[in-house]
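# Notes for the structure review
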Amino acid sequence: MVSTTPATRAPAAADPGPLRPPWSARALIAAGLLVAAVAVTWLTFWWIGLSPASLAAGLDDTVRLLRRMWPPDLPGAGDVASMIAETLLIAVAGTGLAALASVPLAFVAARTHKGPRWLRPPARVVVVLTRAVPTLAFAILFVRIFGLGPLAGALAVAVHSVGMIAKLLTDAVEETDPVPAEAARACGAGEVQVAVSTVLPRVFPALTGIVLYRLDINIRASAVLGVVGAGGIGVALQTALGSLNYHRAAGIICVIVVLVLLLELLSVVVRRTVLRPTAHRRTAALPAGRARHDVGWDRGRVLRVAGAVATGAVFLVSLWSLDPDPGRLSGAWPNLRAVLSGMWPPAFSGELLMAVLESLLMALGAAAAGAACGLVLALLTAVNTTPWRPLSAVVRVLLVVVRGIPDLVYALLFVAALGLGPYAGFLALWISSTALAAKFFADSLEQLDPLPHEALTSVGARQWQAFAAGIWPQFVPSFTGNGLFVADLALRESVVLGIAGAGGVGYLMQESIATLRYDTTAAIVIAIAVVVYAIETLARIARRHLL
Amino acid sequence: MIGTPVLRLSEVGKGFHGTTVLDGVSLDVPQGQFVALVGPSGAGKSTLLRLVNGMHLPDSGTVRTLGENPAACSRSRLRALRARVGFVFQQFGLVGRLSALENVLMGSLATLRLPRYGVMSYPRALRIRAVEHLDRVGLADRRFQRCDTLSGGQQQRVAVARTLLQSPELILADEPVASLDPAASTLVLDILKRISAEDGISVVCSLHQVELALATADRIVALRGGRLVLDEPAAGLTAERLREIYDTAGARDG
């Protein structure tokens, strides 16, 4: 590409040519996103009546509530242990079931799939639908069908998780090198054999990672399933709040926070040990005295088998703890039939669409405001931008704690403090979006190439200039991408916050099921799925054009 | 060619975490001279260059760059000094997502007050100058192309243009061609050489390739194990003698 020699000088001194860059699609999309974010935030503020005065009043009310909650009243140690155990078992059972269902689904949904063509579209639809409808929405439905308790919770966790696990696994399957699969096909292997013997081993590490990650998410989700009666520690929280026993509620929230923080710690440790390259690999030479056809038992194999057996045992125990006796399952059958037949035809209404719009506004406004606040916090915490290291550590710890509390708990608290309505939901989402955005932004800031910043420092640029010219332009794509991802997550949360009375479509959904108006339920589920999928698609398109 | 030295190192020593990287190095560079700094990896070439513009500070000895002592400079004074010294990096140090023109314009940041973002945030006069410098490295027609779509050689030429926009009195180049193919290497070094000759700017350029150093530089300075082991005009040197430095270094330090 070194075609132009520098010796050939254009008459630059006379006419420098265009000095203004041509308009690019990228710049237009970026500008459009910014304008849209500002407009939506403004619209949200207007919709929920947010103003400095109302914020101050809200702060007052919240402080008053917190004072009423102090001191927290912890339930007995035995109660705490059994509540935590139930929460964990719901998450394990749900995640395990989802993982089992996801593997065949992902293989069929992958673009590289060579089996029957007609299987792909339905597989994709299942993946999209289950991912778009939040766990709590499924939980409300399943409580109706299977009755109160952890069985409904675990199934809700499972069905929603299928979407994410299968989606990520599909990507992993599509990324594997196709040559080994072709080699197996050339040997005459069938498609199932090809999948199991050449693709599965290669996506297994990815699958393990995805499942562990999802388990982490699911434990957090299981902690609040009880709010709709689907088992776990959330049942106690709902009971305490319902009976206005705020001291007890505070105690249970403390337990949830500690549980989630321990989990965070554990997942950091696990990630470190898993990601660390193993020191010694098995050598090619065979140990002496072993039959040639015998794999033998070395330390690695013992550990792997023991791990697999232990995982399987824990999963079976968790299934058994859900109490899935045949009588109960067969009793659910007529309920399921009633729900499914009642769902057709879906009954859309103006009220419903307004509620969906409210959810959307709450989520987008909270995400935009959260992204702005999160950016400031991220700049304070990222090691390459922080003005002062100790401050970075303090903010980091604070963010972990804030992220540890589920959105629904914030919503319950704000509803208790400020009353019903989207205002409480917005505040809950704002807090969680800020903490999430700050984490994502700080992580990606730290991954940026430091060289441009160094080059600009050597040019003599000020700190702010070096940031604006050397770091910010690199950061724009991940800022946009992560910001859109936060909006996506906020939207999924916002459709269920209504369960706590914090505005949006969740309240209607719960009410429609309580009053057996399943046609409305169906319409709500469809509306949620469409909106979530639309936002996700928009985010994907924007990301693709900005990167 | 010969005037007051733009760069004077006296008995400079520098270490990191207990390892000595530079040990009693003295060097004068007069105005307009092209100095090639050769030596094996780890000889201290990069450290020496970074001492010159104050990105590192010496443990012992003194550095005088363009009459200033970077170690004694205040922050703003150091910034002013850096603005007078161009630095070319092996990995270019460009922001890949931005256009070539905007990357060149960043060379003027020290003369501007506020943070800048986007080509249009820079004054028109600077944009005209930036295009001229891009033209000088043969890339005026690529001004609006994203830097990460340029070839390695083109990216390094953009980086050189950015340095030129600083109107530097001294250019430091840290392995500027180590990640480039031979044709691009020759081109980039020719450009640096031409700038040095036409504008009377001193260039101190660390290089790996002995032949390139001999073909380009006025003077060869060789480092080995943090010590200055050779300092002669390029004209009287042969590739064989220079290569000995690498070989004996390999035998002794390895």
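Within every chain, residues take consecutive numbers counted from 1 along the sequence as written. Chains and ligands are labelled by the order in which they are written, letters from A for the one and numbers from 1 for the other. Reporting in this predicted model follows two pLDDT cut-offs: at least 70 for local features of residues, and 80 or more for side-chain atom pairs to be given and counted; totals over whole chains, interfaces and linings ignore these cut-offs and use all residues. Side-chain numbers come from the whole structure's heavy atoms, not from hydrogens or water.

On to the domain arrangement of chain A. All names here are of chain A. These domain boundaries are the output of an automatic or database domain assignment. By domain assignment, chain A separates into domain 1 (72-275 + 305-342) and domain 2 (350-546). Placing a centre on the C-alpha atoms of domain 1 and another on those of domain 2 gives a separation of 23 Å. At the interface, 28 residues of domain 1 touch 29 residues of domain 2. When two parts are put together, the accessible area they lose, computed with a 1.4 Å probe and summed over both, is reported as buried area. Carbon and sulfur atoms supply 80% of the area buried between domain 1 and domain 2, which totals about 2,500 Å² over both sides. Of all residues in domain 1, Ala132, Ile140 and Arg144 bury the most surface against domain 2, accounting for 19% of the area lost on that side. One speaks of a salt bridge when a side-chain nitrogen belonging to Lys or Arg is within 4 Å of a carboxyl oxygen belonging to Asp or Glu. At the surface where domain 1 touches domain 2, the tally comes to one salt bridge. Two N or O atoms count as a polar contact when they lie within 3.5 Å, although within protein this holds only if one can serve as hydrogen donor and the other as acceptor, and sequence-adjacent residues are included solely when both atoms are side-chain atoms. For the pair domain 1 and domain 2, the number of links is four residue pairs in polar contact (both at pLDDT 80 or more). Strands are runs of DSSP state E lasting at least two residues, helices are runs of H or I lasting at least four, and both sets are numbered from the N terminus onward. When contributions to the side of domain 1 that touches domain 2 are tallied by element, the ones reaching two or more residues are helix H4 (120-132), helix H5 (135-146), helix H8 (191-225), helix H9 (234-242), helix H10 (246-275) and helix H12 (326-342). A total of seven residues in the side of domain 1 that touches domain 2 trace back to one element, the largest contributor, which is H10. Residues of the side of domain 1 that touches domain 2, tallied by class, amount to 22 nonpolar, two polar and four charged. By the convention used here, residues are in contact when the closest approach between their heavy atoms is within 4.5 Å. Each residue receives one of three labels: charged for Asp, Glu, Lys and Arg, nonpolar for Ala, Val, Leu, Ile, Met, Phe, Trp, Tyr, Cys and Pro, and polar for the others, Gly being one of them.

Our focus in this paragraph is the pattern of salt bridges. Under the counting rule described, the total for this entry stands at 28 salt bridges over all chains. One salt bridge connects Arg8 of chain B with Asp28 of chain B, and the closest N-O pair in it is separated by 2.7 Å. Here Arg8 of chain B is found in strand E1 (residues 5-16), whereas its partner Asp28 of chain B is found in strand E2 (residues 19-30), with 20 residues between them in sequence. Judged by relative accessible area, which is 38%, Arg8 of chain B ranks as partly exposed. Classification of Asp28 of chain B by relative accessible area gives partly exposed; the value is 29%. Among the charged side chains, a network of salt bridges with common partners joins Arg131, Asp488, Arg492 and Glu536 of chain A. The buried label goes to any residue with under 20% of its type's maximum accessible area, the exposed label to any with over 50%, and the partly exposed label to all in between, with areas taken from a 1.4 Å probe on protein chains only.

Moving on, we come to the sheet that holds E2 of chain B. Residues and elements named next belong to chain B. Spatially, three strands are ordered E2-E1-E4 in an open sheet, and the strand pairing comes out antiparallel. For this open sheet the edge positions go to E2 and strand E4 (60-65), each flanked by a neighbour on one side alone. On average, each strand axis in the sheet is tilted by 20° relative to the strand beside it, whichever way the strands run. We treat two strands as partners when DSSP finds at least two bridges between them. Where E1 lies against E2, eight bridges are found, and the strand directions are antiparallel. The residue bridging Val12 from the neighbouring strand is Val25, located in E2. Against the sheet, helix H1 (residues 45-52) makes contact with E1, E2 and E4, and its axis sits at roughly 125° relative to E1, the strand it touches most. The angle between two axes is taken between their N-to-C directions and runs from 0 to 180 degrees, where each axis is a line fitted to C-alpha atoms and a helix contributes only its stretch in contact.

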